[in-house]
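Fold and geometry: a report
Each chain, letter by letter, is given below.
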Amino acid sequence: MRISHCGSVWRISSLPIPARHIVKLIASYKSPTTFFVLLEPALGGDLLRRLESLPGNVYPEAEAARHARALLLAVQHLHCRRVVHRDIKPSNVLLSGDGHVRLADFGLSERLAHKNGTAVQLSNWICGTHDFLAPEM
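A few words now on the overall build of the protein chain. When its secondary structure is counted, the protein chain shows 3 helices and 8 strands. In sequence order, the secondary structure elements of the protein chain are arranged as α-β-β-α-α-β-β-β-β-β-β. Looking at the protein chain residue by residue over its 137 residues, the buried ones come to 33%. Taking contacts inside the protein chain between residues at least 6 apart in sequence as the whole, the part at least 24 apart equals 57%. With the model as given, the accessible surface of the protein chain reaches about 8900 Å², and the carbon-plus-sulfur share is 59%.

What follows concerns the packing of aromatic side chains. What characterises a pair of aromatic rings is the spacing of the ring centres plus the angle enclosed by the ring planes. In the structure shown here, the tally under the stated rule is 1 aromatic pair. Ring centres of Tyr-29 and Phe-36 lie 4.8 Å apart, and the angle between their planes is 20°; on these two criteria the pair is classed as stacked.

The next thing to look at is the environment of Ile-22. Topologically, Ile-22 is positioned in the loop between helix H1 (3–13) and strand S1 (25–30). In this structure, the C-alpha to C-alpha distance between Ile-22 and Val-101, residues 79 residues apart in sequence, is 7.7 Å.

Before going further, it helps to examine the pairing of S1. Here 5 bridges tie S1 to strand S2 (residues 35–39), and the two strands are oriented antiparallel to one another. Bridge pairing links Ser-28 to Val-37 in S2. The antiparallel pairing of S1 with S2 creates a hairpin that spans 4 residues between the two strands.

So, about the confidence of the model for the protein chain. Counting all residues, the mean pLDDT for the protein chain is 79, and 69% of those residues have values of 70 or more. Highest mean pLDDT in the protein chain belongs to strand S4 (residues 93–95) (95); lowest belongs to H1 (47). Note that pLDDT drops below 50 for residues 1–8; the model gives that stretch 10 contacts with residues more than four away or on any other chain.

Side chains of nonpolar character tend, in soluble globular proteins, to be buried together. Counting residues in hydrophobic clusters, the biggest one holds 13 residues, and the most contacted among them are Ile-22, Leu-78, Val-93, Val-101, Leu-103 and Phe-106. Where this core is concerned, the elements lending two or more residues are helix H3 (61–80), S4 and strand S5 (101–103). With residues up to four places along the chain from it excluded, the contact list for Val-101 reads Arg-20, His-21, His-67, Ala-70, Leu-71, Val-93, Leu-94 and Leu-95.

Let us look at unusual backbone geometry. Excluding glycine, most residues fall at negative phi; most peptide bonds, likewise, are trans. Phi angles above zero are rare outside glycine, and Asn-57 is one such case at about 55°. Structurally, Asn-57 is set in the loop between helix H2 (47–53) and H3. Positive phi, close to 70°, is recorded for Arg-86, a residue that is not glycine. Take Arg-86: it is sitting in the loop between strand S3 (83–84) and S4. On the accessibility criterion, Arg-86 (17% relative accessible area) is buried.

Its place among the elements puts Gly-45 in the loop between S2 and H2. Look at Gly-45 and you get partly exposed, because its relative accessible area is 27%. In sequence terms Gly-45 and Ser-96 are 51 residues apart; their C-alpha atoms lie 7.4 Å from each other. Not counting chain neighbours up to four residues away, the residues in contact with Gly-45 comprise Leu-94 and Leu-95.

Criteria and cut-off values
Residues numbered from 1 in each chain as written. Predicted model: local features only at pLDDT ≥ 70, side-chain atom pairs only at ≥ 80, totals over all residues. Heavy atoms only, no water. Helix = DSSP H or I, 4+ residues; strand = E, 2+ residues; numbered from the N terminus. Buried < 20%, exposed > 50% of the residue type's maximum accessible area, 1.4 Å probe, protein only. Contact = heavy atoms within 4.5 Å. Areas by Shrake-Rupley, 256 points an atom, 1.4 Å probe, with all protein chains shown as cover. Phe/Tyr/Trp six-rings, centres within 6.5 Å; stacked < 30°, edge-to-face > 60°. Pairing = 2+ DSSP bridges. pLDDT = per-residue confidence, 0-100. Core = buried A, V, L, I, M, F, W, Y, C linked by side-chain atoms within 4.5 Å.

Below you can see the structure in the form of structure tokens.
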């Protein structure tokens, strides 16, 4: 991990953005070469492992709808605070022990600047995981 990038992660992780569907940051600290974060436990694994554990890799419709709703609420919560995640994928959506969604991995996230409530800075670089990028990227 680049130390220069850690500043961005540090700023995002220190924002007061607690939400039911976002993984909770317990503690974080930096050494001269490494950035460490301690997150709440995700005893249910992640969505990728959950999908792989299902017969035929098919989600039950009710569970998929519940997870999609929770993920949308997490993204809405972030966007209301001008935070763009930029790397949402199944392995970054964790599950609590009782199956509740927790969005995680803010390593590529960015907080947009604003003026009078309107974004004045747009992200202009492509990032994320290749297999999960929008086709137009």
